[in-house]
Amino acid sequence: MVKNSLAFEAETFRKIQPQEYLRRFIQGNIRPDGRSLSQFRPTTVNQSCITTTNGSSMVRIGNTTVVCGIKAEVATPKFNSPLEGYLVPNIDLSPICSPKFKPGPPGELAQVLSENLNNLLKSASVLDLTSLCIKEGIAVWVLYIDLVCVNYDGNIYDASVIGMITALTNVKLPEATFEESSGLVKATEELSVTLKLQRIPYSVTVALFDGQHLLVDPTEVEESITSEQITIVFDEVGQLCSIWKVGGLPSSPEHLKQCMNIARERYKQISMIVKSSI
Amino acid sequence: MASRKRPPSKIRTISIEPNYVNRDGSALFKFGDSAVVCSVNGPTEVKLRDEKVDKATIDVIFKPLVGLPGTKDKTHEYIIRSTVESVIKSNLYPRTLIQIVCQVMMDDGNILATAINATTYALMNAGVEMKDIAVAVACIVNKDGNILIDPELREIEKAQSYHTFAFSKTSFGLLFCESTGLFTEEQYFECYAICKIAAQEIIDKIRMKIQLDLT
Amino acid sequence: MVKELELSTNEKELIISGLKEGIRLDGRGIDDFRSLKITLGPEYGRSEVKLGDTKVLAKVSCEVARPYPDRPNEGMLTLNTELSPMAFAGLEPGRPSEEEVLVSRILEKAIKINRAVDVEGLCIVANELAWSIHVDVHFLDNDGNIIDAACIAAISALSHFRRPDVTVIGEDVTIHPVDQRNPVPLSIHHTPICVTFAFFENGDLWVVDPSLKEEQIRRGDMIIAINNHKEICVLSKAGGLPLEMLTIIQCSKLAASKVDWVREKIQDAIANAAEVEKRKTLREIIIDD
């Protein structure tokens, strides 16, 4: 039987011409993993899963898995803001989640994500930092928000934001008082103080392919082929907290409007998923 | 507190100084009191591990005025690199390195847009072929809901939301956008429209400067 | 990795034969500095220095911090002299090159270890609060002798810098914002200025303020830092050509006169900056009225 030498196996075609491979699927209005262009991967959220932390969560979007743990410590506040505590988010992308990350100090992607998470907490005023004050000018709580990606399959930012926000909602701190006589901060054994978040933002990431097709919740393969990414963050009252669009081809306001509509719908979905996970 | 001395939709005086340092290409771009010097070195030799067979490797380093570079500067590097990667014809320079270094000289707000514009001019100064030109400008929405373009540092500190846009010259499509703070969809698209008009002004300024230098 | 191209034999011989007759490539005499331009401002503590084609920017900033436990009555002064690929092509950021270490050590010796700035005057409340002064030196363009340029930039920036005024009443510390009370200058004990010499052949030929090409073919070098009290703060002769004692003494005498010239330039720049500042405030008062 003569094998037709011009007919490639699908796998080979995907390796040699990844863009054309994706294009063929898109033309049929479907993506390589079977989803439609506007379909999100199944998302699950687990709360308070790590008992040694003050607050924790685990988020899965498709295969992308992010674990978030929050640890509280006491620190001295900055001189210019004696009533404010600190929130320190940090995401760790190591070889455990994907071979494209090398061991060692945080790479560019990890730093950019950490910076964006920090910006979101600050600019959206997610938590009133004066609620972390123990004694003005002397002691405040600092919350280290550590995110670890356990499996990287694209759309890490969305997973991280959901993880960070849900972990913050289930943080339990001890009651802390400052003793003047000893100059020490005393805390109760029992963890009873919870945080009151001022805002609950969730993000939605969309990739733009060929300057026209919006691929919602891109997988790692889709991310590596498309250079464009649009991320939109809404809060619970429909206010925008952040819009981030990088790279690639120029896009039009219509794309942004579409993304905003998608983001608003998705916000309701995420809220329901998070509520059912408590 | 002194209020702004110029109308809300007016950008500060732009000043461009090409060939600021001795590199393949360089430029100093100023928005009033915000200045960034960008130097471009390339196409030049690339390390084997960074080599790309079909296009140029673009490396961006962003150095702040004060302190050691941190995550914020890394983010600026990422933004400048991805914006510029899309406009440079990198497939004309395979297996080479185009090294871009941005140094903040004076910081009075709107520093990312200043850096992107400086990079664009420095690339032209270096003779790197591009299929488009990226121009950037920022604006804020302050607590009264007014939109102020090209904000100064003290205006940014009190702003409700801060938006930076980068447009492409040929199609005026959006190349890059970063918006943080609390804002509505209407406010966002208003900012978009205002910044687009300002971008046209910046392009005209750049074109005038090039014509001046060539004659 | 982009390496600076080595000079060709022709260029080397041209420079050496010129020096034998006392002429340098750019027409200077062997004891002439290149044209020096110092621009201070618009903010306090910002200095841009152009020494020929070598360009250096220095920025001084301050913040309040806790003093070191072993020095509870002193403030802190830190120098940051990271080299960048803007001035040095082919530099790998993150890993300090030999040159970077050299520059950083000389500047630290001249300014920090020599106590040019009065760090005790930076203390606000002993053991609790003190000013921490940061000097960031950025190298924009390298055409030789970055150490002298960096030293001039750092010293002029420190002389120009003003920190916010502080009042301490008992336990209460108030830091007055700059728009409410005029900021105060730093208390500077003395101002060391570096002068670099480069030696060629067997030590008979030497120049002051070497350009990049001269630096590339030099056989030895010496850096002397002299302050305004005519004291030698730093004398660095690290390896290279052996020198006669007489040469060293001659060089230090020359360095002293050069340092006076540089100091005059710095004073002029400070006076210019004060003029501009005065004119600006007058203009602002007129507009506000």
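All values derive from a computational prediction rather than experimental measurement.

Cut-offs applied
Residues numbered from 1 in each chain as written. Chains lettered and ligands numbered in written order. Predicted model: local features only at pLDDT ≥ 70, side-chain atom pairs only at ≥ 80, totals over all residues. Heavy atoms only, no water. Pairing = 2+ DSSP bridges. Helix = DSSP H or I, 4+ residues; strand = E, 2+ residues; numbered from the N terminus. Axes fitted to C-alpha atoms, helices over the stretch in contact; angles between N-to-C directions. Phe/Tyr/Trp six-rings, centres within 6.5 Å; stacked < 30°, edge-to-face > 60°. Parallel < 35°, antiparallel > 145°, perpendicular 65-115°, else oblique. Left-handed = near helix turned anticlockwise from the far one by under 90°. Contact = heavy atoms within 4.5 Å. Buried area = accessible area lost by both parts, 1.4 Å probe. Salt bridge = Lys/Arg side-chain N within 4 Å of Asp/Glu carboxyl O. Polar contact = N/O pair within 3.5 Å; in protein donor to acceptor, adjacent residues only side chain to side chain. Nonpolar A, V, L, I, M, F, W, Y, C, P; charged D, E, K, R; others polar. UniProt positions renumbered as here; feature names shortened; annotations may be inferred. Buried < 20%, exposed > 50% of the residue type's maximum accessible area, 1.4 Å probe, protein only. Disulfide = S-S within 2.5 Å.

A. Summary view of the pairing of strand E7 (residues 172-179) of chain A. Residues and elements named next belong to chain A. Pairing of E7 with strand E8 (residues 184-194) involves seven bridges; the strand directions are antiparallel. Its bridge partner being in E8, Ala-176 is matched across the sheet by Ala-187. Between E7 and the antiparallel strand that follows it, E8, lie four residues; Gly-183 among them carries a positive phi value of about 70 degrees.

B. The arrangement of the sheet that holds strand E3 (residues 34-44) of chain B in detail. Residue and element names in this part refer to chain B. The strand order E1-E2-E3-E5-E4 describes an open sheet built from five strands, whose pairing is mixed. Where the open sheet ends on each side, the last strands, each with one partner, are strand E1 (14-18) and strand E4 (57-63). For this sheet, the mean inter-axis angle between neighbouring strands, taken without regard to orientation, is 15 degrees. With five bridges joining them, E1 and strand E2 (residues 25-31) adopt antiparallel strand pairing. Opposite Ser-15, over in E2, you have Lys-30 as the bridge partner.

C. Representation of the packing of aromatic side chains in the model. A complete count under the given rule lists 16 aromatic pairs over all chains for this structure. The structure contains a cluster of three or more aromatic residues connected by ring pairs, namely Phe165(B), Phe167(B), Phe183(B), Tyr188(B), Phe189(B) and Tyr192(B).

D. Spotlight on the packing of helix H6 (residues 253-276) of chain A against helix H4 (residues 185-214) of chain B. Remark: H6(A) packs on H4(B), axes separated minimally by 12 Å, with the N-to-C direction vectors making an angle of 165 degrees. By the criterion of interaxial angle, the relationship of H6(A) to H4(B) is roughly antiparallel. As H6(A) packs across H4(B), the resulting crossing turns out to be right-handed. Listed contacts from H4(B) to Pro253(A), Leu256(A), Lys257(A), Met260(A) and Arg264(A) of H6(A) are Glu185(B), Tyr188(B), Phe189(B) and Tyr192(B).

E. Representation of the interface of chain A and chain B within the structure. Counting residues at the interface gives 29 residues for chain A, matched by 28 residues for chain B. Approximately 2,600 Å² of surface area, both sides summed, lies buried where chain A meets chain B, with 61% of it carried by carbon and sulfur atoms. Here Glu185(B) makes a salt bridge to Arg264(A), at a shortest N to O gap of 2.2 Å. For the interface between chain A and chain B, the tally reads twelve residue pairs in polar contact (both at pLDDT 80 or more). Contributions of two or more residues to the side of chain A that touches chain B are made by helix H3 (108-123), strand E12 (240-246) and H6 of chain A. Split by residue class, the side of chain A that touches chain B holds twelve nonpolar, ten polar and seven charged. Of the strand pairs in this sheet, E12(A) and strand E9 (residues 174-183) of chain B are connected by five bridges, and their pairing is antiparallel.

F. Inspection of the UniProt feature "domain: Exoribonuclease phosphorolytic" (unreviewed entry) in chain A at higher detail. Residues and elements named next belong to chain A. In this numbering, the UniProt entry assigns the feature "domain: Exoribonuclease phosphorolytic" (unreviewed entry) to residues 39-174 and 200-265. A distance of 42 Å separates the end C-alpha atoms of residues 39-174, which is 22% helix and 37% strand. For residues 200-265, helix accounts for 29% and strand for 39%, while the C-alpha atoms at its two ends are 15 Å apart.

G. Summary view of the pairing of strand E11 (residues 228-234) of chain A. Residue and element names in this part refer to chain A. Extensive coverage of E11 is indicated by the burial of six of its seven residues. In this sheet, E11 lies alongside strand E9 (residues 202-209) in antiparallel orientation, the contact comprising seven bridges. Paired with Leu-208 across the two strands is Glu-228, which belongs to E11. The turn linking E11 back onto E12 is made up of five residues, and Gly-238 within it adopts a positive phi angle of 85 degrees.

H. Just the environment of Ile16(A), in detail. Along the chain, Ile16(A) turns up in helix H1 (residues 10-16). For the pair Ile16(A) and Glu223(A), spaced 207 residues apart in sequence, the C-alpha separation works out to 17 Å.

I. Just the interface of chain B and chain C, in detail. Counting from both sides, the interface comprises 26 residues of chain B and, opposite them, 30 residues of chain C. Across the chain B/chain C interface, buried area totals approximately 2,400 Å², and carbon plus sulfur atoms make up 54% of it. Ranking the residues of chain B by area buried against chain C places Arg23(B), Lys63(B) and Leu65(B) at the top, with a combined share of 20%. Taken together, chain B and chain C are joined by one salt bridge. One salt bridge in this structure joins Glu82(C) and Lys63(B), with 3.8 Å as the shortest N-O distance. Here chain B is connected to chain C by eleven residue pairs in polar contact (both at pLDDT 80 or more). Secondary-structure elements contributing two or more residues to the side of chain B that touches chain C are E3, E4 and strand E5 (97-106) of chain B. In terms of residue class, the side of chain B that touches chain C is built from 15 nonpolar, seven polar and four charged.

J. Representation of the UniProt feature "domain: Exoribonuclease phosphorolytic" (unreviewed entry) in chain C. Sites flagged by UniProt as "domain: Exoribonuclease phosphorolytic" (unreviewed entry) map to residues 33-164 and 190-257 of chain C. Secondary structure across residues 190-257 of chain C comprises 28% helix and 35% strand; the distance between its end C-alpha atoms is 17 Å.

K. Examining the state of the cysteines more closely. Per the counting criterion, the structure on display carries zero disulfides over all chains. Not part of a disulfide, Cys241(A) finds its nearest cysteine sulfur in Cys177(B), a span of 14 Å. Residue Cys241(A) is classed as buried on the basis of its relative accessible area, which comes to 0%. Not engaged in a disulfide, the cysteine Cys251(C) finds its nearest cysteine sulfur in Cys194(C); these two sulfurs lie 15 Å apart.

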